[in-house]
Amino acid sequence: MKWIAPIAFSLMAVAACITLFFVSALKPTSTGAFVFFAAWLILPYVIICAALLILRRKGAASFHWYVVAVIVSTGGIVFLADVIFWNQDAQGAIAVLMTPVLQGGALALLLPIAWRLSRNTLT
């Protein structure tokens, strides 16, 4: 079980770096715009990592929580790649700004499932 935490945190760090690359690919017009977009799009990774660290210190983080974190991180990257590179359209800017909200929704949907799975494995 100890091997999953470093892998999950490493994958989330890679996802955050890829997100920064995507922000630079958007070519914001100013440094302030770049910082705003970068901070907004990195926010889900920061929240997920902080939550996992808190759960880990309490001893409550199970394998399923880390899997959910990796799924949500990967989903965010795939969604951004789709919006920015694969299917560019006029609503792409709104979709980019909605990415953290969608990641939060995915997290809210997957966490009860992970909680249920972790309870079934422990009993």
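Anything mentioned here points back to the structure above.
This write-up is about the structure you can find in this document. (Residues numbered from 1 in each chain as written. Predicted model: local features only at pLDDT ≥ 70, side-chain atom pairs only at ≥ 80, totals over all residues. Heavy atoms only, no water.)

### Considering the overall build of the chain
Here's step 1: When its secondary structure is counted, the chain shows four helices and zero strands.
Here's step 2: Overall, the chain shows an N-to-C arrangement of helices and strands of α-α-α-α.
Here's step 3: On the principal axes, the C-alpha backbone points of the chain span a range of 55 × 25 × 20 Å.
Here's step 4: Here the chain holds 123 residues, and the buried ones make up 35% of them.
Here's step 5: A separation of at least 24 residues holds for 71% of the contacts in the chain among residues at least 6 apart in sequence.
Here's step 6: Summed over its atoms, the accessible surface of the chain is roughly 7,500 Å², and 74% of this surface lies on carbon and sulfur atoms. (Helix = DSSP H or I, 4+ residues; strand = E, 2+ residues; numbered from the N terminus. Buried < 20%, exposed > 50% of the residue type's maximum accessible area, 1.4 Å probe, protein only. Contact = heavy atoms within 4.5 Å. Areas by Shrake-Rupley, 256 points an atom, 1.4 Å probe, with all protein chains shown as cover.)

### Considering the environment of Ser 118
Here's step 1: As for its position among the elements, Ser 118 is in helix α4 (residues 92-122).
Here's step 2: It is 8.4 Å that separates the C-alpha atoms of Ser 118 and Trp 65, two residues lying 53 residues apart in sequence.
Here's step 3: When neighbours within four sequence positions are excluded, Ser 118 is seen to be in contact with Ser 62, His 64 and Trp 65.

### A word on helix α2 (residues 31-58)
Here's step 1: Compared with an ideal rise of 1.5 Å per residue, which puts 28 residues at 40 Å, α2 spans 39 Å between its outermost C-alpha atoms and is within 8% of the ideal.
Here's step 2: Of all the bends in α2, the largest measures some 40° and sits at Ile 42, one to four residues before the proline Pro 44.
Here's step 3: Buried within α2 are the following residues: Ala 33, Ala 38, Leu 41, Ile 42, Pro 44, Tyr 45, Ile 48, Cys 49 and Leu 52. (Expected span 1.5 Å × (residues − 1). Bend = angle between axes of the 7 residues up to and from the residue.)

### Remarks on the nonpolar core
Here's step 1: If you look at the biggest cluster of nonpolar residues, it comprises 16 residues, and the most contacted ones within it are Phe 9, Met 12, Ile 48, Leu 52 and Tyr 66.
Here's step 2: Counting only elements with at least two residues in this core, the list comes to α1 (4-25), α2, α3 (63-86) and α4.
Here's step 3: With near-sequence residues (within four places) excluded, Phe 9 lies in contact with Cys 49, Leu 52, Leu 53, Arg 56 and Tyr 66.
Here's step 4: In terms of nonpolar packing, the next biggest core, distinct from the first, is built from 15 residues, Phe 22, Ile 42, Tyr 45 and Val 83 among them. (Core = buried A, V, L, I, M, F, W, Y, C linked by side-chain atoms within 4.5 Å.)

### Re a nonpolar patch on the surface
Here's step 1: Together, Trp 3, Ile 7, Leu 11, Phe 63, Val 67 and Ile 71 make up a nonpolar patch on the protein surface, roughly 540 Å² of accessible area in all.
Here's step 2: Breaking the nonpolar patch down by element, the ones donating at least two residues are α1 and α3.
Here's step 3: Among the elements that take part in the nonpolar patch, α3 stands out by supplying three residues, more than any other.
Here's step 4: Tracing the backbone shows Trp 3 in the segment before α1.
Here's step 5: On the basis of relative accessibility, which here comes to 52%, the residue Trp 3 falls in the exposed class. (Patch = residues over 30% accessible without salt bridge, like charges linked within 9 Å, V, L, I, M, F, W, Y side chains within 5 Å. Salt bridge = Lys/Arg side-chain N within 4 Å of Asp/Glu carboxyl O.)

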